[in-house]
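Secondary and tertiary structure notes
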Amino acid sequence: MKIVVCIKQVPATGVDKRYTDDLTLDRTSVDAIINPLDEYAIEQALRLADAGTADSVTYLSMGPDQAAEALRRALAMGGDDAVLVTDRALAGADEWATAKVLAAALDKLAPDVALMGMASDDARGSLVPGAVAAMRDVPLLSYGSELAIDGTTARVRRLSATGFDWISAALPVVATVTDQVGEPRYASLKGIMAAKRKPLETWALADLGISADELKGAALTRVTDARPPEEKAPTERIENLPAAEAATKIADWLAARKLI
Amino acid sequence: MTYLLTPEHEELRAMVRDLAEERIAPRAAEIDEKQEFPWDLKELLAKQDLLGTCFDERHGGTNLDTIGQSIVAEEIARVDATTSLIPIVQKLGALPIILAGTDAQKDRYFPRLASGEWLAAFALTEAAAGSDVASNRMRATRDGDDYVLNGSKRFITHGSVANVLTVFALTDPEAGGRRGMSAFIVEADTPGFAAPRVEHKMGIRGSPTAELTFDDVRVPVANRLGQDGEGFRIAMETLDRSRLSIAAQAVGIAQGALDASVAYAADRQQFGQRVVDFEGIQFMLADMASQTEAARQLTYAAAARVDVGASDLPYWTSSAKLVAGDTAMKVTTDAVQVLGGYGYITEYPVERMMRDAKITQLYEGTQQIQRLIVARQLLQRAGVAKRG
């Protein structure tokens with residue numbers, strides 16, 4: 001049973017982000033990390049490998065050359081090998097173009113399960129997993145708090161309004177998991193050292209049989225405006241007071257705004 | 001000579017920093033308050049292979065260079081000095097075996113130390129023999145294929161939690177400490193060995209500092225390190241290297257206090273503006289930052305010299321420990337000042353950092369001993385050392 005985990009390199013959480021003139025994110029100005037929600041997909045895949053359910057775990061990413069760092073970090077956590085799809089023609093790729101490229105790469109890698117995080121920390125489109133499943137014509141098992149594989153069937157446990165559902169489909173599938181699968185492991189020092197010796201291949205669009213024309217400038221959508229969120233008014237703090245006094249202050253504050 | 005920080009060093013730093021911030025920092029205040037050895041963090045560090053950095057790969061270690069080992073100590077000490085002592089003392093306890101052990105001794109002890117299954121400690125200091133190491137009194141008497149150890153040790157870091165200790169005792173009391181002391185590997189479950197008491201301390205309070213007693217403790221001759229009478233030399237060569245870990249620890253403590261100061265000053269409002277916008281605070285932060293960086297670079301410069309076995313190693317490691325220890329004390333004291341009243345209470349970490357910093361001026365040779373070592377090396381270089 002072969003798992004390919006799709007990961008995205010994103011700007012570090014909580015840092016100031018800038019946009020370039022063409023309204024794409026300036027990736028050179030900030031530290032890059034593995035999309036935190038993808039780390040849960042990595043953890044789920046490695047747990048299946050630890051349990052002997054998965055025979056191999058491969059990482060797949062589409063991005064600039066430096067996305068190789070994210071793949072090395074994933075390999076330091078565990079897994080066997082990695083593929084980076086990188087091509088100048090992919091600059092500014094939107095969800096559609098990303099899904100098209102990942103689907104083509106997955107056709108080539110032919111995994112039983114293509115596993116992804118539920119969203120990316122930067123764009124938060126959450127469209128890519130569904131688009132990849134549709135393009136490959138395989139079932140999508142989304143938002144799993146757990147992924148279980150039994151012979152030729154994959155199942156995800158998904159929280160519902162009344163409890164949870166188990167949703168199953170025959171392999172191969174595309175699956176996404178939430179942050180409920182369990183905390184991602186830390187890379188060990190030996191893991192970091194071993195990751196340097198694990199295979200990391202780089203593919204261009206030509207390796208996937210996709211022409212630049214087919215990608216229509218890498219995007220069907222266009223970003224028309226980008227701006228930072230408006231600054232919030234400074235937080236008023238009520239602290240270091242006895243409980244009764246603090247409660248009175250909070251009540252007065254709410255009353256002054258006619259909230260109580 | 002030159003030294004270089006590689007991308008691998010930065011990767012290591014990022015890994016240890018993540019672990020330290022997410023898993024160690026949240027425990028630091030509790031460890032300090034309860035004075036409990038953090039067994040959970042020992043397990044965590046072992047799992048991440050961070051207790052085996054000074055051991056060869058054939059023994060299950062990762063054989064990091066000394067700059068890499070310094071980075072590990074520094075990044076852990078940045079959030080908790082107590083926990084940084086777990087890898088530091090693992091190396092300190094093992095160094096006599098690394099320096100003077102036979103292959104058989106290394107094969108017996110290193111796999112369990114590299115994996116972190118066992119902890120090591122270094123037992124040299126006695127109640128009446130601190131800086132004056134040669135005045136040690138503990139005895140080791142040869143009896144057939146054994147030595148019989150009698151006496152006591154004091155101020156032994158991790159003495160009560162270690163599974164194996166490197167212990168220094170007189171085999172020839174007539175010859176005195178310098179020529180009559182020998183080094184032994186003692187397993188903690190050997191009959192007659194006990195750690196009856198741990199000290200109540202100002203800082204590094206989760207790290208047990210133990211009194212050890214040896215009552216007819218039988219140690220096989222196979223566990224002697226080097227030859228009879230080589231103990232003093234082995235102890236000094238150990239300390240020439242191990243005190244660099246304390247320099248790294250001190251750099252980490254200083255960096256942690258600096259980071260806490262910047263974060264606090266950027267948040268705190270007084271007189272209608274952020275405290276960090278006052279030049280008086282900026283000047284303090286600038287001094288703290290540049291002094292910490294200077295101590296760090298001296299520590300790395302010394303670390304590079306450990307790896308090439310520089311002949312003037314004591315000059316470098318003692319200089320680094322002297323500068324870094326004094327820097328940690330000054331920077332943490334200033335950090336308390338930057339935080340004002342909040343710096344003095346346990347709600348913020350800097351008062352703990354200030355208490356922890358003090359030990360870096362005391363252990364593995366007081367700052368005064370470091371100055372004597374640096375001066376002796378200096379006079380040798382200049383060819384004006386006292387003879388005899």
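Keep in mind the model is a prediction, meaning the values are calculated, not measured.

About the cut-offs
Residues numbered from 1 in each chain as written. Chains lettered and ligands numbered in written order. Predicted model: local features only at pLDDT ≥ 70, side-chain atom pairs only at ≥ 80, totals over all residues. Helix = DSSP H or I, 4+ residues; strand = E, 2+ residues; numbered from the N terminus. Contact = placed C-beta atoms within 7 Å. Rg over C-alpha atoms; globule rule 2.2 N^0.38 Å. Buried ≥ 20, exposed ≤ 12 C-beta atoms within 10 Å, placed from the backbone. Domains from an automatic or database assignment. Pairing = 2+ DSSP bridges. Axes fitted to C-alpha atoms, helices over the stretch in contact; angles between N-to-C directions. Arc of directions from axis to C-beta. Parallel < 35°, antiparallel > 145°, perpendicular 65-115°, else oblique. Left-handed = near helix turned anticlockwise from the far one by under 90°. Nonpolar A, V, L, I, M, F, W, Y, C, P; charged D, E, K, R; others polar. pLDDT = per-residue confidence, 0-100. Core = buried A, V, L, I, M, F, W, Y, C linked by C-beta atoms within 7 Å.

Turning our attention to the overall build of chain A. Per the secondary structure count, chain A includes six helices and 12 strands. With respect to the three principal axes, the spread of C-alpha positions in chain A is 65 × 45 × 40 Å. Sequence-distant contacts in chain A: of pairs separated by 6 or more residues, those separated by 24 or more amount to 69%.

This paragraph deals with the overall build of chain B. Helix and strand counts for chain B come out as 11 helices and 10 strands. A compact globule built from 388 residues would reach a C-alpha radius of gyration of about 21 Å, and chain B, at 21 Å, matches this within 12%. Taking the principal axes of the C-alpha coordinates as reference, chain B spans close to 80 × 50 × 40 Å. Looking at the 388 residues of chain B, the share that counts as buried comes to 51%. For chain B, long-range pairs separated by at least 24 residues make up 75% of all intrachain contacts whose partners lie at least 6 apart in sequence.

So, on to the domain arrangement of chain B. Note on interface size: it is often stated as the accessible area lost on association of the parts. Residue and element names in this part refer to chain B. The domain boundaries assigned to chain B delineate domain 1 (7-114), domain 2 (120-228) and domain 3 (233-381). The gap between the C-alpha centroids of domain 1 and domain 3 is 20 Å. Each partner contributes to the interface: domain 1 provides 23 residues, whereas domain 3 provides 24 residues. Elements with a minimum of two residues in the side of domain 1 that touches domain 3: helix H1 (7-34), helix H3 (66-77) and helix H4 (81-100). For the side of domain 1 that touches domain 3, the element with the highest residue contribution is H4, accounting for nine residues.

Moving on, we get to the sheet that holds strand E1 (residues 2-6) of chain A. Residue and element names in this part refer to chain A. With parallel pairing, the seven strands of this open sheet are ordered in space as E7-E11-E6-E1-E4-E5-E12. With partners counted over all chains shown, the strands left at the sheet margins are strand E7 (140-144) and strand E12 (200-203), one partner each. Taken pair by pair, the neighbouring strands of this sheet meet at an average axis angle of 20°, ignoring direction. Bridge count between E1 and strand E6 (residues 113-117): four bridges; the pairing is parallel. Opposite valine 5, over in E6, you have leucine 115 as the bridge partner. Seen against the sheet, helix H3 (residues 95-109) touches E1, strand E4 (56-62), strand E5 (81-85), E6 and E12 and runs at an angle of roughly 150° to E4.

We now examine unusual backbone geometry. Note that the residue after A:Leu171, namely A:Pro172, is joined by a cis bond; omega there is 0°. Positionally, A:Pro172 belongs in the loop between strand E10 (164-170) and strand E11 (173-177). Located in the positive-phi region is B:His158, a residue other than glycine, with phi close to 65°. In this fold, B:His158 is placed in the loop between strand E3 (146-157) and strand E4 (164-170). Judged by the 27 C-beta atoms lying within 10 Å of it, B:His158 falls in the buried class. The backbone of B:Asp216 sits at a positive phi, close to 50°, despite the residue not being glycine. The residue B:Asp216 is located in strand E7 (residues 209-220) in this model. Judged by the 12 C-beta atoms lying within 10 Å of it, B:Asp216 is exposed.

Once that is clear, we can look at helix H2 (residues 39-47) of chain B. All names here are of chain B. Every buried residue belonging to H2 is among Leu41, Leu45 and Ala46, and all of these are buried. Projection of H2 onto a plane perpendicular to its axis shows the buried side chains occupying an angular sector of 145°, all on one side. Seen from the buried face of H2, the exposed residues on the opposite side, beyond 90 degrees, are Trp39 and Glu43. At its buried positions, H2 is contacted by H1 and H4. Remark: aspartate 49 follows H2 within two positions and exhibits a positive phi of approximately 70°.

Right, let's talk about the sheet that holds strand E8 (residues 146-150) of chain A for a bit. Sheet strands pair via backbone hydrogen bonds, and the direction of the pair is either parallel or antiparallel. Residues and elements named next belong to chain A. Strand order across the open sheet formed by three strands is E8-E9-E10, with antiparallel pairing between neighbours. Of all the strands in the sheet, just E8 and E10 have a single pairing partner and so form its edges. Adjacent strand axes in the sheet meet at a mean angle of 20°, parallel and antiparallel pairs treated alike. Relative to strand E9 (residues 153-159), E8 runs antiparallel, the two sharing five bridges. Residue leucine 147 lies in a different strand from E9, and its bridge partner there is valine 156.

To continue, consider the packing of H1(B) against H3(B). Residues and elements named next belong to chain B. In contact at an axis separation of 9 Å, H1 and H3 are set at 25° when each is read in the N-to-C sense. With respect to their mutual orientation, H1 and H3 come out roughly parallel. For the crossing formed where H1 meets H3, the hand is right-handed. Taken together, the residues of H3 that come into contact with H1 (itself represented by His9, Leu12, Arg13, Val16, Arg17, Ala20 and Ile24) are Ile67, Gly68, Ile71, Val72, Glu75 and Ile76. Grouping the constituent residues of the contact of H1 with H3 by class yields eight nonpolar, two polar and three charged.

Of the residues in chain B, 100% reach a pLDDT of 70 or more, and the chain-wide mean stands at 97. Here the prediction assigns the complex a pTM of 0.88, and the interface score ipTM is 0.85.

Residue and element names in this part refer to chain B. One way to put it is that helix H9 (residues 313-339) packs onto helix H10 (residues 350-359) with a least axis distance of 8 Å and a crossing angle of 160°. Here H9 is positioned roughly antiparallel relative to H10, judged by the angle of their axes. Crossing handedness for the pair H9 and H10: left-handed. Contacts between H9 and H10 involve Ala328, Met329, Thr332, Thr333, Ala335, Val336 and Leu339 from the former and Val350, Glu351, Met353, Met354, Ala357 and Lys358 from the latter. Here the residues of the contact of H9 with H10 are counted per class, giving nine nonpolar, two polar and two charged.

The next point concerns the nonpolar core. A:Val5, A:Leu102 and B:Phe184 are the most contacted members of the largest nonpolar core, which totals 180 residues. The dominant element in this core, judged by the number of residues it contributes, is helix H7 (residues 231-267) of chain B, at 16 residues. Apart from the residues lying within four places of it in its own chain, the contact partners of A:Leu102 are A:Cys6, A:Leu60, A:Met62, A:Val128 and A:Val132.

Turning to the interface of chain B and chain A, a few remarks are in order. Taken together, the contacts link nine residues of chain B with seven residues of chain A. The leading source of residues in the side of chain B that touches chain A is H1(B), at four residues. For the side of chain B that touches chain A, the per-class residue count stands at three nonpolar, two polar and four charged.

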